[in-house]
Amino acid sequence: MRHPKVLTASLAATLGLGLAAALGAAPVAVAAPAGPATTTSGYAAYAGSTEDAKATKAFHEAVMKSVAKKRAANPGAAAVTVVYNAANAPTFRSQIARSTQIWNSSVVNVRLVEGGNADFTYYEGNDSRGSYASTDGHGNGYIFLDYRQNQQYNSTRVTAHETGHVLGLPDRYSGPCSELMSGGGPGTSCQNAQPNAQERARVDQLWQNGLASAAKTF
């Protein structure tokens, strides 16, 4: 996993268990998982940065812009609906479903549903950067799930962590295993895939009044 790059020209932002940068076309899905992992990247060594926080904010705002019209069309809705497409990540369909269930049972102001006209898409394949969430700065968000990283770490934790970026949470690699957004920091033995109370409250705060509120309070 490589360190972050600042991509100010296009507001491209990429976040993962170790922050990565991706720009251009969406990743190409790979039909079958890679073989067993033989090495483990040093995710715990990365402690975050100002660039990390800026990239997280840009990614979250890009996704929120794609759902802003839904909120405007139905301002009285109890929750903002964020639609995802998992067709390009068939290997991880159960993990994506479990991650969705975890987040939908943890927060009240935003709800993840699978469907057409998606706000973001899941992809799978092999990438030296591991798993990450990315946007081109125009509301076209996607989550890439890397085969090897998902063999090394609890796969549902990886998926729930990346989905946390969609909902607006930054990486906090120095946090404990009980903190979902600590990602790979606690090591491969960490099995927790649940956001803690602070993470749940933060997501509800960000989505309480849609894009305008989140932009002011991030």
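Everything in this summary refers to the structure shown in the same document. It should be emphasised that the depicted structure is a prediction, and the values quoted were computed from it without experimental measurement. (Residues numbered from 1 in each chain as written. Predicted model: local features only at pLDDT ≥ 70, side-chain atom pairs only at ≥ 80, totals over all residues. Heavy atoms only, no water.)

Along the protein, the regular secondary structure elements total six helices and six strands. Nonlocal contacts in the protein, meaning residues at least 24 apart in sequence, comprise 68% of its contacts between residues at least 6 apart. Accessible surface, the protein: about 9400 Å² in total, of which carbon and sulfur atoms supply 52%. (Helix = DSSP H or I, 4+ residues; strand = E, 2+ residues; numbered from the N terminus. Contact = heavy atoms within 4.5 Å. Areas by Shrake-Rupley, 256 points an atom, 1.4 Å probe, with all protein chains shown as cover.)

Here N104 shows up in helix α2 (residues 93-104). At a separation of 2.9 Å, a polar atom in the side chain of N104 contacts the main-chain amide nitrogen of L112. Not counting residues within four places of it along the chain, the set of residues in contact with N104 comprises V110, R111 and L112. (Polar contact = N/O pair within 3.5 Å; in protein donor to acceptor, adjacent residues only side chain to side chain.)

To continue, consider the packing of aromatic side chains. Geometrically, a pair of aromatic rings is defined through the distance of the ring centres and the angle of the planes. Within the structure shown, the criterion is met by seven aromatic pairs. For the pair Y84 and Y122, a centre-to-centre distance of 5.6 Å together with 90° between the ring planes defines the contact as edge-to-face. You can see Y84 sitting in strand β2 (residues 80-88) and its partner Y122 sitting in strand β4 (residues 120-125), a full 38 residues away along the chain. Under the relative-accessibility criterion, Y84 is labelled buried at 6%. Considering the side-chain rings of Y132 and Y142, the 6.3 Å spacing of their centres and the 65° angle between planes classify their relative orientation as edge-to-face. (Phe/Tyr/Trp six-rings, centres within 6.5 Å; stacked < 30°, edge-to-face > 60°. Buried < 20%, exposed > 50% of the residue type's maximum accessible area, 1.4 Å probe, protein only.)

As a further point, take the nonpolar core. Within the largest apolar cluster, 31 residues are counted, with the highest numbers of intra-cluster contacts made by V82, I96, W103, F120, Y122, V203 and W207. Of all the secondary structure elements, the ones that give two or more residues to this core are α1 (50-73), β2, α2, β3 (110-114), β4, β6 (141-146), α4 (155-166) and α5 (197-207). No other element matches β2, which puts four residues into this core. Filtering out sequence-adjacent residues up to four positions away, V82 remains in contact with V63, V67, V110, R111, L112, V113, D119, F120, V166 and W207. (Core = buried A, V, L, I, M, F, W, Y, C linked by side-chain atoms within 4.5 Å.)

Bringing the side chain of S182 into the picture now. Position of S182 among the secondary structure elements: in the loop between α4 and α5. Residue classification places S182 among the buried residues on the basis of a relative accessible area of 0%. Once residues lying within four places of it in the same chain are set aside, the contact partners of S182 are R157, R172, Y173, G175, P176 and C177.

In this section: the environment of W103. Position of W103 relative to the elements: it lies in helix α2. We classify W103 as buried; its relative accessible area is 0%. The spatial distance from the C-alpha of W103 to the C-alpha of A193 is 9.9 Å, given a sequence separation of 90 residues. Once you skip the residues sitting within four places of it in the chain, W103 turns out to touch L112, A160, T163, G164, L167, L169, L180, P195 and V203.

We now examine the environment of S178. With respect to the secondary-structure elements, S178 resides in the loop between α4 and α5. For S178 and Q194, which are 16 residues apart along the polypeptide, the C-alpha to C-alpha distance reads 7.6 Å. Sequence-distant contacts of S178, that is, excluding residues within four places in its chain, are made with N192, Q194 and N196.

For the structure on display, the rule yields two salt bridges. A salt bridge links E114 to R93, with the nearest nitrogen and oxygen atoms 3.2 Å apart. Of this pair, E114 sits in strand β3 while R93 sits in helix α2, and the two are 21 residues apart along the sequence. Its relative accessible area of 41% is what places E114 among the partly exposed residues. Judged by its relative accessible area of 38%, R93 falls in the partly exposed class. Among the ionic pairs, E179 bridges to R172, the shortest N-O distance being 2.3 Å. (Salt bridge = Lys/Arg side-chain N within 4 Å of Asp/Glu carboxyl O.)

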